[in-house]
Amino acid sequence: MKTYLIAISGFMVLFSTDDIWAQPTDVSVRDAVKTDSVINNKGLKSPVIYEATDSIVLTGNGVAHLYGDGKVNYEKTELTAEIISVDMDSSIVHARGVRDSLGVMQGTPVLKDGETPYESEAIRYHIETQKAFVYNVVNQQGEGYVTGKEAKKGPDDEIFMENARYTTCDHHDHPHFYLQLTKAKVKPKEKAVSGPAYLVVEDVALPLAVPFFFFPFTTSYSSGVIMPRYMDDSARGFGLNEGGYYFAISDLMDLKVTGDVFTKGSWAIRLLSNYNKRYKFAGTLQADYQLTKTGDKNMPDYAVSKDFRIVWSHRQDPKAHPHRNFSASVNFSTSSYERTNINNLYDPGSMTQNTKTSSISYQRALFDNRLDISGTFNIAQSMKDSLLSITLPDLNISLSLFYPFKRKSPVGDEKWYERISLKYTGRLTNSIDTKDNLLFKSGIRQWKTAMEHTIPLSATFPLFTYINVTPELNYHEAWYTRKIMKEYDRSTKQLERTDTVFGFNRVYDYRMSVSLDTKVYGIYKPLFMKKKEMQIRHVITPAVTVGGSPGFSQFYENYIDVYGKKQYYSPFEGQPYGVPSHDGQGMVNFELSNNLEMKYKTKNDSMKIISLVDQLGMRLSYDLAAKKKPWSNLDMDVRLKLSKSYTFNLNARFATYAYAFDEDGKVIDSDRTEWSYGRFGRFQGYSSAFNYTFNNETWKKWFGKEEEKEEENAEESEDTPDRPKKVVKAEVGKDGYQVFKIPWSIYINYSYSIYEDKSKPIDIHRMRYPFSWMHNLNVTGNFKIANKWSFTFSSGYDFQSKEITQTSCTVSRDLHCFSMSAGFAPFGKWKYYSFRIGCNASVLQDLKWDKRSQTSHTVQWY
């Protein structure tokens, strides 16, 4: 049965679903537990609905008292509190919380007018006028809080305060910092306006004040001003950096315009736009232009540099189109941009970048993905010598593999000719190699235009069940638009370029080959390990390929050298797709691959496989058509899986032909092999790299037992009245001291290579050059010294120059609502130091102090 309470012109009517009776209004109704009541006073437009979980007490003077999670609703307004008193005659509601046995305030009033909640210690609210007087109000606006001891709420949701505070610290009852507002007016979700305001940090008022304070609040996408930062640069002078305006163009794209200006004449402008269309595409476009003036006019150190940069990243959503794709990754700039951009002077990675690559590509699949067409625009840029390699366009046409003789309705066994497959690949390129300052001055004839056609015809047949035989016929044709004519200069004994002939030139060749491959398995059971049921499996994969092509002397020119010998050169040398062989080729390729694994039974009767040698390969070839030095060098590679997380790779080369002296006393590769001297091929060197990450878990696995999971540190939760700090007992080690635990990780990259150092004299007796090492070490790491302290660093060592590479270190501290960091570079080409302390909230990102050293290559340390 549910009970209802309604006030109607002098009488209280209390009724239930079972019976109804009437009483005079001066009779008190007690013990009405969780009763829904409706007051329909004369001046109110809508009914007032209230409830409580403990009790509702009505007094004779027309006042209702709600105890225990009281709630009053009127239209869109809702008031909740532990204790609420409703005066039915004046339409005034009083609400407050209560303190528990520990003195902690519980059930504090929350007034929600529309969508805006107001938390406070006590509230006096007029239902009809919707005005309120609020004590110790807390109103959240975006990332910040507006608090005040006494405030008045108007009917339009505006709040009028005296001695109010604005802070982004979530400890709004006792914030670490706040802006003290003398008088303020707050319009929720719109703005905050106040008179004089000053900054208070840790209850200390700082001499930082403003005559007025205006702060817009918005949850919508809007434009706004980007405040610049002040800079003092030794080369550019005083200036403002990264100031501008943000344009909220639409929901699909935006635009940020920023710039720099300095007293010595340097300036820069930057445009940055982001765009995103759901299920279609997304990307970022950035364009920068800067004019840098360093030094003083009419002085030797005066220099002017004009630089620009374009960065474009575009990606298409996979759902946009199944057979069409467009993407872009462009990062192009003038060679001196990274060195003159003031924002890069504290980023060693940007300043030491040597190469940049850019590409724009479009791909389209046709005829049920049988024909694929793709076009790419590529730029390779060397920052060291300003060299550009541009390909515009790089067009590829590919016809997927198909079987032209395959029967549509096969009957019986497959015929041998049905295994024949055919494929076509075409490529068109237009490229140029030039300097960046000569790019727009280059004519059309300086571009190299070429087209390539490749048609492979192949099939695979089994031979003697275990051997696969693959014959292949490959036709290749190239079209060139130029050829370089040369003449032999007897004085210099070299070919000199004389003329460039433009026109259509067709160059073609064809090649035939037959490949044979198989697999040989061997199982070895060690006699001394029979009880453990151990087996070692050796897999050998040999392959032999015999191929050849005729000579194409029609694509060569001949000349007589100073020794009276007839020599050849091709006018098409240096073209993108090469030139056929003059004398033809007949090649035999030998390839051998080995894999060694061990399998044994564990204690729980499960089989475990361990890779002993994951790959050991050798490759060698013999040119049947070569008149001299037909053997190639021997290439070897080794791959070992040393652990689950690390694989060792080694590539080495052994030269086949021995060194000898020519007529001029120079060391050359002779026609005599190393094998003829009874020696293995001459070792020319190898290269490899080692990468590993050390951290707490690595240290435990190496030097200690698995420790139990760490308990939560008490510093992570602040002490609050409603949630006392959790006390954690310090862990003590075997030595009686507290266990020292610091989360840390160190990443080590070590690359090395051994090579023949031909800059040193050769050993005449052994005919060997001495070997030299080339190795580099790079280390990055981070340490969390405490819950709120961290340290990161990046460094390395160059063993050739015997010096420490560019080193940077950063120490940071989390100050709850603020963050502090200090960075410095003590070693390397660029030395600097910096210090920054600022507010974490994005709305107060300009509330900071940023100090940097002079942007020069040397810093005076004191």
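Residues numbered from 1 in each chain as written. Predicted model: local features only at pLDDT ≥ 70, side-chain atom pairs only at ≥ 80, totals over all residues. Heavy atoms only, no water.

Draft legend 1. A look at the overall build of the protein. Looking only at helices and strands, the protein has three helices and 57 strands in total. With 862 residues in all, the protein has 34% of them scored as buried. Across the protein, every contact between residues at least 6 apart in sequence was considered, and the portion connecting residues at least 24 apart equals 47%. Carbon and sulfur atoms make up 55% of the accessible area of the protein, which amounts to about 52,900 Å² in all. (Helix = DSSP H or I, 4+ residues; strand = E, 2+ residues; numbered from the N terminus. Buried < 20%, exposed > 50% of the residue type's maximum accessible area, 1.4 Å probe, protein only. Contact = heavy atoms within 4.5 Å. Areas by Shrake-Rupley, 256 points an atom, 1.4 Å probe, with all protein chains shown as cover.)

Draft legend 2. Region of the structure containing the pairing of strand β25 (residues 237-247). Sheet analysis places strand β23 (residues 224-226) next to β25, joined by three bridges and oriented antiparallel. Directly across from Val 225, in β25, lies its bridge partner Tyr 245. When strand β24 (residues 229-233) meets β25, the two strands line up antiparallel, connected through five bridges. Across the sheet, the residue bridging to Asp 232 is Phe 238, located in β25. Note: β25 against strand β26 (residues 255-262), seven bridges, orientation antiparallel. Opposite Phe 247, over in β26, you have Leu 255 as the bridge partner. (Pairing = 2+ DSSP bridges.)

Draft legend 3. Representation of the nonpolar core in the model. In this structure, Tyr 50, Leu 66, Ile 84, Tyr 166 and Leu 181 are the most contacted members of the largest nonpolar core, which totals 47 residues. Top element by residues in this core is strand β18 (residues 177-187). It accounts for five residues. Leave out the neighbours within four places in its chain, and Leu 181 touches Glu 162, Asn 163, Ala 164, Tyr 166, Ser 194, Pro 196, Ala 197 and Phe 213. Core analysis: the second largest hydrophobic core is formed by ten residues, Val 330, Ile 379, Leu 388 and Trp 447 among them. (Core = buried A, V, L, I, M, F, W, Y, C linked by side-chain atoms within 4.5 Å.)

Draft legend 4. Representation of the packing of aromatic side chains in the model. Within this structure, the stated rule accounts for 32 aromatic pairs. Look at Tyr 686 and Tyr 752: their rings are 6.1 Å apart centre to centre, the planes differ by 85°, and that puts the pair in the edge-to-face class. On the criterion of sequence distance, the pair formed by Tyr 686 in strand β49 (residues 682-695) and Tyr 752 in strand β50 (residues 744-756) is long-range, its members being 66 residues apart. By way of ring pairs, the aromatic residues Phe 654, Phe 680, Phe 683, Tyr 686, Tyr 750, Tyr 752, Phe 771, Trp 773, Tyr 797 and Phe 799 are connected into one cluster. Positioned above the aromatic ring of Tyr 659 is the side chain of Arg 682, whose terminal nitrogen or guanidinium carbon lies 3.7 Å from the ring centre. (Phe/Tyr/Trp six-rings, centres within 6.5 Å; stacked < 30°, edge-to-face > 60°. Lys NZ or Arg CZ within 6 Å of the ring centre and 35° of its normal.)

Draft legend 5. Region of the structure containing the side chain of Ser 795. Structurally, the position occupied by Ser 795 is in strand β52 (residues 789-798). Within the structure, the side chain of Ser 795 is placed 2.8 Å from the side chain of Thr 807, a separation counted as a polar contact. The contact partners of Ser 795, leaving out residues within four places of it in the chain, are Leu 777, Asn 778, Val 779, Ile 804, Thr 805, Gln 806 and Thr 807. (Polar contact = N/O pair within 3.5 Å; in protein donor to acceptor, adjacent residues only side chain to side chain.)

Draft legend 6. Molecular detail of the pairing of strand β5 (residues 48-51). On β5, burial follows the alternation: Val 48 and Tyr 50 on one face are buried, whereas Ile 49 and Glu 51 on the facing-out side are not. For β5 and strand β7 (residues 63-74), the ladder comprises four bridges, and the chain directions are antiparallel. By the bridge assignment, Ile 49 is partnered in β7 with Asn 73.

Draft legend 7. Looking closely at the side chain of Ser 55. By secondary structure assignment, the location of Ser 55 is in strand β6 (residues 55-58). In this structure the side chain of Ser 55 is engaged in a polar contact, spanning 3.1 Å, whose partner is the side chain of Asp 54.

Draft legend 8. The pattern of salt bridges, seen in detail. Enumeration according to the criterion identifies 19 salt bridges in this entry. One network of salt bridges, with partners in common, ties together Asp 669, Glu 674, Arg 679, Arg 682, Glu 756 and Arg 768. (Salt bridge = Lys/Arg side-chain N within 4 Å of Asp/Glu carboxyl O.)

Draft legend 9. Summary view of unusual backbone geometry. Of note, the amide linkage connecting Leu 392 to Pro 393 takes the cis form, showing an omega dihedral of -5°. Mapped onto the fold, Pro 393 is located in strand β33 (residues 387-402). Its identity as a non-glycine residue notwithstanding, Asp 203 has a phi of 65°, on the positive side. Even without being a glycine, Lys 802 presents a positive backbone phi close to 55°.

Draft legend 10. Region of the structure containing the confidence of the model for the protein. For the protein, the average pLDDT comes to 80, and 86% of its residues sit at 70 or higher. In this model residues 1-42 is a low-confidence stretch, pLDDT under 50, and it forms 75 contacts with partners more than four residues away in sequence or in other chains. Segment residues 706-728 is flagged for pLDDT under 50; beyond a separation of four residues in sequence, or across chains, it makes 22 contacts in the model. (pLDDT = per-residue confidence, 0-100.)

Draft legend 11. Structural context of a nonpolar patch on the surface. A cluster of nonpolar side chains, namely Tyr 230, Phe 238, Leu 240, Val 261, Trp 267, Ile 269, Leu 271 and Tyr 289, defines an oily patch on the protein surface of about 750 Å² accessible area. Contributions of two or more residues to the nonpolar patch are made by β25 and β27 (267-277). It is β27 that contributes the most residues to the nonpolar patch, three residues altogether. Looking at where Tyr 230 falls in the secondary structure, it is placed in strand β24. (Patch = residues over 30% accessible without salt bridge, like charges linked within 9 Å, V, L, I, M, F, W, Y side chains within 5 Å.)

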